[in-house]
Amino acid sequence: MDGYESNRRDFLKKLGLIAGTAALTTVGGSGVVELLTDKKEKFNLTEEQQKFMAKYEKWLDEFHGMAKFQKIDPEHIENNKKLMALSDDAKKWQKELVEHMKDENFARYYMVVTERVTKTI
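Residues numbered from 1 in each chain as written. Predicted model: local features only at pLDDT ≥ 70, side-chain atom pairs only at ≥ 80, totals over all residues. Heavy atoms only, no water.

Colleague: Teacher, can you tell me more about the environment of Phe 69 here?
Modeller: Residue placement: Phe 69 occurs in helix 3 (residues 47–72). According to the relative accessible area criterion, Phe 69 is partly exposed, its value standing at 32%. Along the backbone, Phe 69 and Asn 80 are 11 residues apart, and their C-alpha atoms lie at a distance of 9.6 Å. Ignoring any residue separated from it by four or fewer positions in sequence, one finds Phe 69 in contact with His 76 and Asn 79. (Helix = DSSP H or I, 4+ residues; strand = E, 2+ residues; numbered from the N terminus. Buried < 20%, exposed > 50% of the residue type's maximum accessible area, 1.4 Å probe, protein only. Contact = heavy atoms within 4.5 Å.)

Colleague: Would you mind showing me how to read the nonpolar core here?
Modeller: Nonpolar side chains in soluble globular proteins tend to end up buried together. Membership of the largest hydrophobic core comes to 23 residues, with the highest contact counts inside it found for Met 53, Tyr 56, Trp 59, Phe 106 and Tyr 110. Taken together, the elements giving at least two residues each to this core come down to helix 3, helix 4 (77–92) and helix 6 (104–120). (Core = buried A, V, L, I, M, F, W, Y, C linked by side-chain atoms within 4.5 Å.)

Colleague: Explain helix 4 here, please?
Modeller: One turn of an α-helix holds 3.6 residues; hence residues three or four places apart share an orientation. Under the 1.5 Å per step criterion, the end-to-end length of helix 4 is 23 Å for 16 residues, consistent within 8% with the ideal 22 Å. Buried within helix 4 are the following residues: Asn 79, Asn 80, Leu 83, Leu 86, Ser 87 and Ala 90. Viewed end-on, helix 4 has its buried residues packed into an arc of 120°, placing them on one side of the element. Seen from the open side of helix 4, the exposed residues pointing more than 90 degrees away from its buried face are Ile 77, Lys 81, Lys 91 and Lys 92. (Expected span 1.5 Å × (residues − 1). Arc of directions from axis to C-beta.)

Colleague: Would you take a moment to explain the side chain of Asn 79 for this structure?
Modeller: Within the fold, Asn 79 resides in helix 4. The buried category is assigned to Asn 79, whose relative accessible area is 7%. The residues touching Asn 79, leaving out its near neighbours within four places in the chain, are Met 66, Phe 69 and Gln 70.

Dropping the structure here:
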């Protein structure tokens with residue numbers, strides 16, 4: 001496994017662990033299935049959370065497209081560079097995400113939004 005693939009997997013594991021841990025601690029083990037089936041329109045987020053999610057969803061759309069392309073052509077250098085840059089961007093707002101994930105409502109919304117990318121990867 002090359003360095004890029006290792007970093008990508010580490011990033012995705014961290015992202016999943018943050019979301020999963022927060023979901024389990026705020027909802028309890030029995031609520032995890034619920035998280036994945038809720039519709040994101042049901043959630044009332046604070047203005048700060050809405051701003052974060054707008055930034056995250058824009059990032060996620062870009063990441064999703066590149067991850068899909070990476071499955072088709074894993075050796076595409078430019079795409080891999082962009083994926084690494086996106087991973088670096090995510091590290092910048094990781095602390096903010098952890099704080100938001102303490103809110104059960106936000107954690108559910110986040111999981112619903114993240115689900116489509118998780119399926120692709």
